[in-house]
Amino acid sequence: MMRERILRIGLVAAGLLLAACSDQSSGNAPPGGGAMPAAEVGFVVLKAQSVPRHAQLSGRVVAHATAEIRPQIDGIIQSIDFREGRKVDAGDVLFKVRDAKFSAAYAAAAASLSRAEASQQSAQAAFDRNARLQSQSAVSQQALDEATAALLQAKADVEAAKASLETARIDLDNTTIKAPIAGIIGMAGVSVGSLVTQNQTDALATIRQIDPVNVDLVDTSANLLKIRQDVEAGRLGRDGEGAPSVRLTLENGADYDETGTISLATVNVSESTGTFTLRASFPNPRRVLLPGMFVRASVDLGSMPNAFLVPQRAVQRSGTGEPVAYVVSADGKAEQRTLTTLGTSGNDWIVTEGLKDGERLIVDGFQKISAGAAVTPVEAVIDEDGVVKQSLAGPATTDDASGASK
């Protein structure tokens, strides 16, 4: 009896095992044992647009014009007639040099001119008299020639005396040193009583024009060639014929509130650094920009037609370092694209090649996919900071939709 009972139990267990194997082989597997469902990914629809392109350059502020004040004569400083660090206008008196010596020289030159003019009058009278007598054959031709020579000498003496008087006047005028340009004057390099000389190397003071002010920007020749290539290929263009505009960022990170324009570009490239210089001009009414400051500049190069603004989170790097992104293909699979980028705009990459208008760009769910994997696309929303605001929880329920419409 016991043996029959054990045999019956074994037969039942074997039957159950065969039934389980039969269920598995017939496809009636438990729900957890089937194929994995397609990964859910968030996407945004790409739209081609005209994207502004800017070049980020470093630069230094320089004065629009600089005048170093130096004496044109030798003498002693008698007075300083300006306030340091203040604005001066062209023609304002800056320094006065003692002029007693130069006044005396001017008076002597004036006297010499008067003497020469008197001699000229005497020579003119002698010439007129001899010319009249010679016509009557009362004097010889030699006497007339001598009178002519004396008159010419007297006229030359007058001209020399006039030149000496003008030189003396210039020296006398130079005792009053005036501003050649308008601008902000710096500190005086001398004091009252200092001896100055005509050929000295040290400036008495320096005037700088800083409204408007210039900013010298530096870029590489390689970038210049790239910009020209983009323009010729139609990837970059400008509206109108005006000069490119420039915006500045100051050393403290603040934006300068005035817009400048490119006013000059050098026609040579530095042999030592391979760079060239652009000069921009800026209004500077509040004297925020001072010569010598370092700044960062954003130069408007124009706009790129048919470009894409791609969120930075959607761009990855391939094994070779190339930028890549994933799009949802027509058959619902993740398709990898290699991109060509031209800088950034805010939180987006500027992409000029590798994408098409209307394609669905994957921006979320990368950890679940690989190239060629089936995906379930869910439209996402990205805010200005590049954050995905809509999660991948699937389509909104009826209650959610009704609540959103309220």
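Now for a description of the structure that goes with this document. (Residues numbered from 1 in each chain as written. Predicted model: local features only at pLDDT ≥ 70, side-chain atom pairs only at ≥ 80, totals over all residues. Heavy atoms only, no water.)

Structural notes on the overall build of the chain
In step 1: On a plain count of helices and strands, the chain comes out with five helices and 22 strands.
In step 2: Residues counted as buried form 30% of the 406 residues belonging to the chain.
In step 3: Counting only contacts in the chain whose residues sit at least 6 apart along the sequence, the fraction spanning at least 24 positions is 75%. (Helix = DSSP H or I, 4+ residues; strand = E, 2+ residues; numbered from the N terminus. Buried < 20%, exposed > 50% of the residue type's maximum accessible area, 1.4 Å probe, protein only. Contact = heavy atoms within 4.5 Å.)

Structural notes on helix H2 (residues 100-135)
In step 1: Along its 36 residues, H2 runs 53 Å from first to last C-alpha, staying within 8% of the 52 Å computed at 1.5 Å per residue.
In step 2: Within the sequence span of H2, burial applies to Phe102, Ala109, Leu113, Ala116, Ala123 and Asn130.
In step 3: Elements in contact with the buried residues of H2: helix H3 (141-173).
In step 4: Backbone geometry just downstream of H2 places Ser137 in the positive-phi region, at approximately 60°. (Expected span 1.5 Å × (residues − 1).)

A few points about the packing of aromatic side chains
In step 1: This structure, assessed with the given rule, holds two aromatic pairs.
In step 2: Taking the centre distance of 6.2 Å and the plane angle of 70° together, the rings of Tyr256 and Phe282 count as edge-to-face. Placement of the pair is Tyr256 in the loop between strand S12 (245-249) and strand S13 (260-265) and Phe282 in strand S14 (residues 275-282), with a sequence separation of 26 residues.
In step 3: On the accessibility criterion, Phe282 (0% relative accessible area) is buried.
In step 4: Sitting over the face of the ring of Phe43, Arg360 holds its NZ or CZ atom 5.7 Å from the ring centroid. (Phe/Tyr/Trp six-rings, centres within 6.5 Å; stacked < 30°, edge-to-face > 60°. Lys NZ or Arg CZ within 6 Å of the ring centre and 35° of its normal.)

Brief notes about the pattern of salt bridges
In step 1: Here the structure, examined in full by the defined rule, presents eight salt bridges.
In step 2: One salt bridge connects Glu68 with Arg70, and the closest N-O pair in it is separated by 2.9 Å.
In step 3: Across the pair Asp216 and Arg279 runs a salt bridge, and its minimum N-O distance is 2.7 Å. Separated by 63 residues along the polypeptide, Asp216 in strand S11 (residues 213-220) and Arg279 in strand S14 bring together distant segments of the chain.
In step 4: The partly exposed category is assigned to Arg279, whose relative accessible area is 27%.
In step 5: Beyond isolated ion pairs, a larger network of salt bridges with shared partners links Glu166, Arg169 and Asp173. (Salt bridge = Lys/Arg side-chain N within 4 Å of Asp/Glu carboxyl O.)

Remarks on the sheet that holds strand S4 (residues 75-80)
In step 1: With antiparallel pairing, the four strands of this open sheet are ordered in space as S7-S6-S4-S9. Only two strands of the sheet have a single neighbouring strand rather than two, namely strand S7 (176-178) and strand S9 (195-196).
In step 2: Where S4 meets strand S6 (residues 93-97), three bridges bridge the pair, whose relative direction is antiparallel. If you follow Ile80 over to S6, its bridge partner there is Phe95. (Pairing = 2+ DSSP bridges.)

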